[in-house]
Amino acid sequence: MVNDAYLRIIGYTREEFEAGQVRWDEITPPESRAADEEGIRQVLAEGVSEPYEKEYVRKDGTRVPIVAALGKMPGTGEVAAFVLDISSLRAAQAELARSNEDLQQFAYAASHDLREPLRTVGTYTQLLFRRLGEARADAEVRQFVEFIEEGVGRMQALIEDLLAYAQVTHETDVELTPVRSESVLGTALENLKARMESEGATVTYGPLPEVQGRDIRLVALFQNLIGNALTYRREPARVHISAEPDRDGWRFAVVDNGIGIEREHHDRIFGVFKRLHGRKEYSGSGVGLAICRRIVEQHGGRIWVESEGAGKGSTFYFTLRAAVRGEEASASD
Ligand code: ADP
């Protein structure tokens with residue numbers, strides 16, 4: 001039995017369906033067969049399948065992307081399939097990918113091109129200062145030069161961060177391999193060592209798992225999160241990193257004793273250039289968490305923050321998939 005919505009998805013009439021003209025092997029392209037077979041295996045074994053994606057070949061030969069889920073009907077034990085047409089979702093995603101790409105290219109080009117004139121400003125300020133001569137360079141002139149240099153330095157840092165963001169957003173198909181999270185965390189801590197020592201920070205961690213990832217990105221992820229914990233604090237930072245099993249992988253937690261974040265800001269801090277403080281208070285560009293979010297998404301995970309508010313510390317959570325072992329490893333298991 002099928003309903004009209006299903007017939008519209010596959011593009012057949014009820015008469016055609018009832019005359020037996022709709023055959024599974026005709027409406028299912030070869031690439032989607034394994035997904036159906038796995039769904040059927042799950043529903044027979046467990047009474048319900050995970051939702052899965054596949055395509056149908058419609059009567060007119062066009063393809064339609066769908067999400068299907070199978071479940072056993074109570075009582076009769078017959079298998080029912082729920083099918084959702086996701087064509088418009090896919091079209092919207094393609095459109096979004098296109099506009100994101102434009103934006104990335106713009107960010108990349110702009111940050112590249114901005115470096116050059118900025119270097120010129122820096123260099124010529126220095127030259128001008130020297131040409132003015134010590135004698136005429138009174139305290140005020142000296143201060144102006146300092147302001148210019150500070151501005152140039154800040155802008156350079158912003159551009160570097162923007163470039164780093166453009167770089168991570170640029171890559172779509174990131175190849176993931178098994179990575180020991182303890183070792184990427186170790187590299188991040190090594191990079192932060194000087195700061196940790198001079199600020200008297202303590203970073204501890206529990207046993208950490210192997211995940212499916214790209215090591216340089218995971219170093220950046222840990223480094224950004226721990227770096228923030230070192231920045232947004234009043235007392236010396238105490239940071240603890242741990243991981244717990246999660247649905248299909250691991251949920252990491254980075255807990256700090258810092259200034260905390262009000263609930264209303266929990267989402268917006270992950271946007272580009274979103275900051276809660278002026279640079280006089282705490283310096284930064286507002287790109288770090290946007291980079292973190294992008295990295296975690298490229299790894300198929302989620303990132304979010306929990307904090308009971310000002311002064312209560314923050315916990316940044318993110319999920320990563322469990323490491324997928326090669327065939328050799330699973331054969332010897
Ligand atoms: P940046 O640190 O360069 O400003 P981020 O994107 O890393 O940019 O962070 C965005 C904002 O989120 C910060 O400006 C700060 O207000 C807030 N924030 C980030 N991490 C923490 C933290 N551990 N504790 C409190 N606030 C934080």
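These numbers were taken from a predicted model, which means no experiment stands behind them.

Colleague: Looking at this model, I keep getting lost on the sheet that holds strand β1 (residues 52-57). Mind explaining?
Modeller: Within a sheet, each strand pairs with its neighbour through backbone hydrogen bonds, oriented either parallel or antiparallel. Taken in spatial order, the 3 strands line up as β1-β2-β3 in an open sheet, and their pairing is antiparallel. Looking at the sheet topology across the chains shown, the edges are occupied by β1 and β3 (79-85). On average, each strand axis in the sheet is inclined to that of its neighbour by 40°, with strand direction left out of account. In the sheet, β1 pairs with strand β2 (residues 63-72) via 6 bridges, with the strands oriented antiparallel. Looking at the pairing, E55 lines up with P65 of β2. Sheet contacts for helix α4 (residues 30-46): β1, β2 and β3; angle to β1, the most-contacted strand, approximately 130°.

Colleague: Before we go on, may I ask you to explain the environment of W304 in this structure?
Modeller: Here W304 shows up in strand β9 (residues 303-306). Since its relative accessible area comes to 19%, W304 is described here as buried. Linking W304 and Y232, residues 72 residues apart in sequence, is a C-alpha distance of 17 Å. Of note is the side chain of W304, whose polar atom sits 3.2 Å from the side chain of E306.

Colleague: Would you explain the environment of Y56 in this entry?
Modeller: Mapped onto the elements of the fold, Y56 is located in strand β1. For Y56, a relative accessible area of 6% corresponds to the buried category. The spacing of Y56 and E38 is 18 residues in sequence and 16 Å in space, taken between C-alpha atoms. Setting aside its immediate chain neighbours within four residues, Y56 contacts Y6, I9, I10, I27, P29, T62, R63, V64, I66 and V83. In this structure the side chain of Y56 is engaged in a polar contact, spanning 2.9 Å, whose partner is the side chain of Y6.

Colleague: Sorry if this is basic, but what is going on with the sheet that holds strand β7 (residues 238-246) here?
Modeller: Strand order in the open sheet formed by 5 strands is β5-β7-β8-β10-β9, and the pairing between neighbours is mixed. Strand pairing shows two members of the sheet lacking a second neighbour, β5 (202-205) and β9, which therefore form its edges. This sheet shows a mean twist of 20° between the axes of neighbouring strands, independent of strand direction. As judged from the 8 bridges shared by β7 and strand β8 (residues 249-256), these two strands associate in the antiparallel manner. Opposite D246, over in β8, you have G249 as the bridge partner. Set on the sheet, helix α7 (residues 181-199) makes contact with β5, β7 and β8; between it and β5 the angle comes to about 175°. Most of the contacts of helix α8 (residues 215-231) go to strand β10 (residues 315-321), to which it runs at about 170°, and overall it touches β5, β7, β8, β9 and β10.

Colleague: Whenever I open this one, the confidence of the model for the chain confuses me. Can you help?
Modeller: Regions with low pLDDT should not have their predicted coordinates read in detail. Averaged over every residue, the pLDDT of the chain is 88; residues scoring 70 or more account for 95%. No element of the chain has a lower mean pLDDT than helix α10 (residues 327-332), at 42, and none a higher one than β8, at 97. Residue range residues 328-333 is modelled with pLDDT below 50. Its contacts to residues more than four positions away, or to other chains, number 1 contact.

Colleague: What should I look at first to understand the site of the ligand in this one?
Modeller: Every one of the 20 residues lining the ligand counts as a neighbour, but Y232, D256, R275, S285 and L289 are closest to it. Within the contact set of the ligand, a nitrogen atom lies 2.7 Å away from a side-chain nitrogen or oxygen of D256. Relative to its unbound accessible surface of 540 Å², the ligand loses 97% to contact with the protein. Broken down by secondary-structure element, the contributors of at least two residues to the shell around the ligand are α8 and α9 (288-298). Taken together, the residues of the shell around the ligand sort by class into 9 nonpolar, 8 polar and 3 charged.

Thresholds applied
- Residues numbered from 1 in each chain as written.
- Predicted model: local features only at pLDDT ≥ 70, side-chain atom pairs only at ≥ 80, totals over all residues.
- Heavy atoms only, no water.
- Pairing = 2+ DSSP bridges.
- Helix = DSSP H or I, 4+ residues; strand = E, 2+ residues; numbered from the N terminus.
- Axes fitted to C-alpha atoms, helices over the stretch in contact; angles between N-to-C directions.
- Contact = heavy atoms within 4.5 Å.
- Buried < 20%, exposed > 50% of the residue type's maximum accessible area, 1.4 Å probe, protein only.
- Polar contact = N/O pair within 3.5 Å; in protein donor to acceptor, adjacent residues only side chain to side chain.
- pLDDT = per-residue confidence, 0-100.
- Near = heavy atom within 4 Å.
- Areas by Shrake-Rupley, 256 points an atom, 1.4 Å probe, with all protein chains shown as cover.
- Nonpolar A, V, L, I, M, F, W, Y, C, P; charged D, E, K, R; others polar.

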